[in-house]
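Descriptive analysis of the structure
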Amino acid sequence: MKAKGTDNGLRVGLFHPNANVHFGSARSPELNPDLLDIQTHTNLASACEAAGFDYLFMADSWLPYGPESSRIGWRDPYLFSPILGGAIAAVTRRIGIITTIHTSLFHPVQVARMGATLDALSGGRWGLNVVTGTSSSAGLISNEFGRIDHDARYDAAHEAMALLRALWSGEQVDHEGPYYQVHGKVVGPRTVQRPMPLIVSAGASPAGRRFAAHHADTIFMPGRTPRETLHAAMDDIGAQAAERGRKVSLQVHVSVLVREADAEADRVSADLKASVHLPAVAEYLKFISALSTTYEDIYARYSENDMRQVGLVSGGLQAHGGPDRVAATLIGLYREYGVRGVALTFPLWHPSEVELFGRLVLPRLAEAGIWVHPADRDWCW
Ligand SMILES: Cc1cc2nc3c(=O)[nH]c(=O)nc-3n(C[C@H](O)[C@H](O)[C@H](O)COP(=O)(O)O)c2cc1C
């Protein structure tokens, strides 16, 4: 299997709901399938594969936003993505499976074995989203990565990537670095993708961009990022990557709700937005902005409508509408924003939603010449 394409086409992924992650409403668990039933996930993945999706992206977090979020089931419970990825590999044949691993929590030798197992058993369909930060794990496990600063954590992640490359080569490793010491040859299996599986990162800071330029095939940015900001970031990353003879593509996330007609989608979307749980959104904003921000600050800074919007789509770009409107948004991202991957978050994520998207929107992307059905090529990214 050829795992990485060299074409310039769009890749369409599902931002897989290994938690009720994108729609901050007490109604989300009741409107969506049972998160803790494994068949929910295998059925959804199979529906994505049948519909023509290229990949599944699974984020991961170790800490809840706060008591209100946990009470309504927003991002808590959160299924650990590499384990879920293994289950999904068993019921799919073609779709790519990207799982998130925190380098601050797992040693590169552990990541190497998790990844090689997933890549071997999936036939070369596994991708690694590298997360360095501790905000989603702070305090839970006390280790040296919790005591070093943001940029030093990226230094450690650079070292972790060099080690992964060495470990996945199947050769003896002798490494004495500032953060890791590894001596030996790890057992197989080796990865099917060589020399490396797909690497994704999502860091936006200067250190995060540098990391992407050095290691990532794809950088993931929030879908609501303004076009100029995206272009500036990609110019910077592209220039740094070119110095190393590399290329990094841009992926963003988009909230999708498709109905036969705009008016029907608008009605459903407005109904969902009205049910957003504002205290949980305040916890989320406090969690992602600064740990010292107070709830009062957050309520003062954002209007109720802003907060409902965040609860409806989090950082994603909203594409709720009939097939033409949704397709136009995705085509615009490809043509005007330079986006080459869209990870779609569905506030309602029954397999029927994915099927509808596959039936109504994907043919429009193919017609526009920006996307080719993965059955007609032999790679998922
Ligand atoms: C679309 C997107 C997905 C992300 N997924 C995760 C994730 O699954 N887990 C996590 O801890 N952080 C995640 N992050 C956070 C990033 O890894 C990163 O910490 C953040 O964007 C800040 O960038 P910086 O660390 O370079 O400052 C994500 C960010 C974005 C934009």
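In what follows, the accompanying structure is described.

Reading guide: rules and limits
- Residues numbered from 1 in each chain as written.
- Predicted model: local features only at pLDDT ≥ 70, side-chain atom pairs only at ≥ 80, totals over all residues.
- Helix = DSSP H or I, 4+ residues; strand = E, 2+ residues; numbered from the N terminus.
- Contact = placed C-beta atoms within 7 Å.
- Core = buried A, V, L, I, M, F, W, Y, C linked by C-beta atoms within 7 Å.
- Buried ≥ 20, exposed ≤ 12 C-beta atoms within 10 Å, placed from the backbone.
- Axes fitted to C-alpha atoms, helices over the stretch in contact; angles between N-to-C directions.
- Parallel < 35°, antiparallel > 145°, perpendicular 65-115°, else oblique.
- Left-handed = near helix turned anticlockwise from the far one by under 90°.
- Nonpolar A, V, L, I, M, F, W, Y, C, P; charged D, E, K, R; others polar.
- Pairing = 2+ DSSP bridges.

Another point: the overall build of the chain. Along the backbone of the chain there are 15 helices and 11 strands. Taken along the three principal axes of its C-alpha coordinates, the chain extends 60 × 50 × 40 Å. Contacts spanning at least 24 positions in sequence make up 77% of the contacts within the chain whose residues lie at least 6 apart.

This part is about the nonpolar core. Ranked by size, the top nonpolar core spans 87 residues in total, and within it C48, L56 and V342 carry the most contacts. Ranked by residues supplied to this core, first place goes to helix α6 (residues 150-168) with nine residues. Setting aside chain neighbours within four positions, we find C48 in contact with L14, F53, L56, I95 and V354. Counting residues in hydrophobic clusters, the runner-up holds 14 residues, among them Y284, M307, L312 and V313.

Below, the discussion takes up the packing of helix α7 (residues 206-215) against helix α8 (residues 227-243). It is the contact of α7 with α8, at a shortest axis distance of 8 Å, that shows an interaxial angle of 45 degrees. What the angle tells us is that α7 and α8 run oblique. Between α7 and α8 lies a crossing whose hand is right-handed. Residues R209, R210, A212 and A213 of α7 touch α8, and the partners they reach there are A233, D236, I237, Q240 and A241. Taken together, the residues of the contact of α7 with α8 break down into five nonpolar, one polar and three charged.

Here the focus is α7. Most of α7 sits inside the fold, with seven of its 10 residues counted as buried. Those residues of α7 that sit buried are G208, R209, F211, A212, A213, H214 and H215. The inward-facing, buried residues of α7 contact α6, β7 (198-201), β8 (218-221) and α8.

Next up on the list: the environment of G341. Here G341 shows up in strand β11 (residues 341-345). Looking at G341, the number of C-beta atoms within 10 Å reads 25, which means it is buried. The contact partners of G341, leaving out residues within four places of it in the chain, are R11, G13, T218, S249 and Q251.

With that settled, consider the pairing of strand β5 (residues 173-176). As paired elements, β5 and strand β6 (residues 181-184) share four bridges and run antiparallel to each other. Paired with E176 across the strands is Q181, a residue of β6. Between the end of β5 and the start of β6, which pair antiparallel, lie four residues.

A separate point is the packing of helix α4 (residues 81-91) against helix α5 (residues 108-121). One can describe the packing of α4 onto α5 by two numbers: an axis separation of 10 Å at closest approach and a directional angle of 15 degrees. Relative to α5, α4 is oriented roughly parallel. Pair α4 / α5 crosses with left-handed handedness. On α5, the residues that touch P82, G85, G86 and A89 of α4 are M114, L118 and L121. Among the residues forming the contact of α4 with α5, the class breakdown is five nonpolar, two polar and no charged.

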